[in-house]
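Chain by chain, the residues run as shown.
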Amino acid sequence: MAEILLIAAHPDLQASRVSRALLAAVERATIAPSRLEVRDLYRLYPDYAIDVAAEQRALSQASLIVWLHPLHWYGMPALMKLWVDEVFSHGWAYGAGERALRGKQVWLVCSAGGSPESFASGGYNGHALLDFLLPQAQIARLCGMQTLPPTLIYSAHEISDEALHQQALSFVQQLLDYPDWVPSPEGSEDNLACWSLPTTASEGGGDGA
């Protein structure tokens, strides 16, 4: 089992720009299996029949859990929501019992089709992007996990190839450098559920790529 667990969820990865580029960069980096495990939910579970025991084993061994997904109808893709529903079970992830995820760190990497301006006050989407991602932060808080500053990639359909390439390199470098860049704990079950100090990439609808 790996120290870093990357949970990727894209309903149509071949049509993706951002998720596909980031995952390809990770594959090219050939990071040791003891360091990183990638679990592509739509590849593993095309029938949506999630192996809960396997997912819980992988989560139990990881120190850092990376959630990589596009903004999909202002939330997480359907299979990732089902993954949370089934894997983060009561008595295992939260509530009375084992609390297996307590103290682990969560890094959200999310792409959105809209520009930063579209997610500004008065913009097309009506709310900041982080507002739509609050459920993920609250899930982490409930389970006693530390939320790391998320990486938000705007204008996913228009971002230039060079900018996307640089974003992919930065993503891999952060995986390699973990935990050197991790800030002091501030997101836990004792703190308000929030994402703080996000890093962003953009160039130039709600759904991501």
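Everything numeric here is computed off the predicted structure, so don't read it as measured data.

Conventions we followed
Residues numbered from 1 in each chain as written. Predicted model: local features only at pLDDT ≥ 70, side-chain atom pairs only at ≥ 80, totals over all residues. Heavy atoms only, no water. pLDDT = per-residue confidence, 0-100. Contact = heavy atoms within 4.5 Å. Buried < 20%, exposed > 50% of the residue type's maximum accessible area, 1.4 Å probe, protein only. Helix = DSSP H or I, 4+ residues; strand = E, 2+ residues; numbered from the N terminus. Pairing = 2+ DSSP bridges.

Here the focus is the confidence of the model for the protein chain. Taken residue by residue, the protein chain gives an average pLDDT of 91. The fraction at 70 or more is 89%. Throughout residues 187–192 the model reports pLDDT below 50, and contacts reaching past four residues in sequence, or to other chains, amount to 12 contacts.

Here we take up the pairing of strand 3 (residues 64–70). Taken across its seven residues, strand 3 has seven buried, putting it largely inside the fold. Residues Leu64, Val66, Leu68 and Pro70 point to one face of strand 3 and Ile65, Trp67 and His69 to the other, with burial holding for every one of them. As judged from the five bridges shared by strand 1 (residues 4–8) and strand 3, these two strands associate in the parallel manner. Counterpart to Leu6 in the pairing with strand 3 is Val66. The pairing of strand 3 with strand 4 (residues 105–111) spans seven bridges and is parallel. Its bridge partner being in strand 4, Trp67 is matched across the sheet by Leu108.

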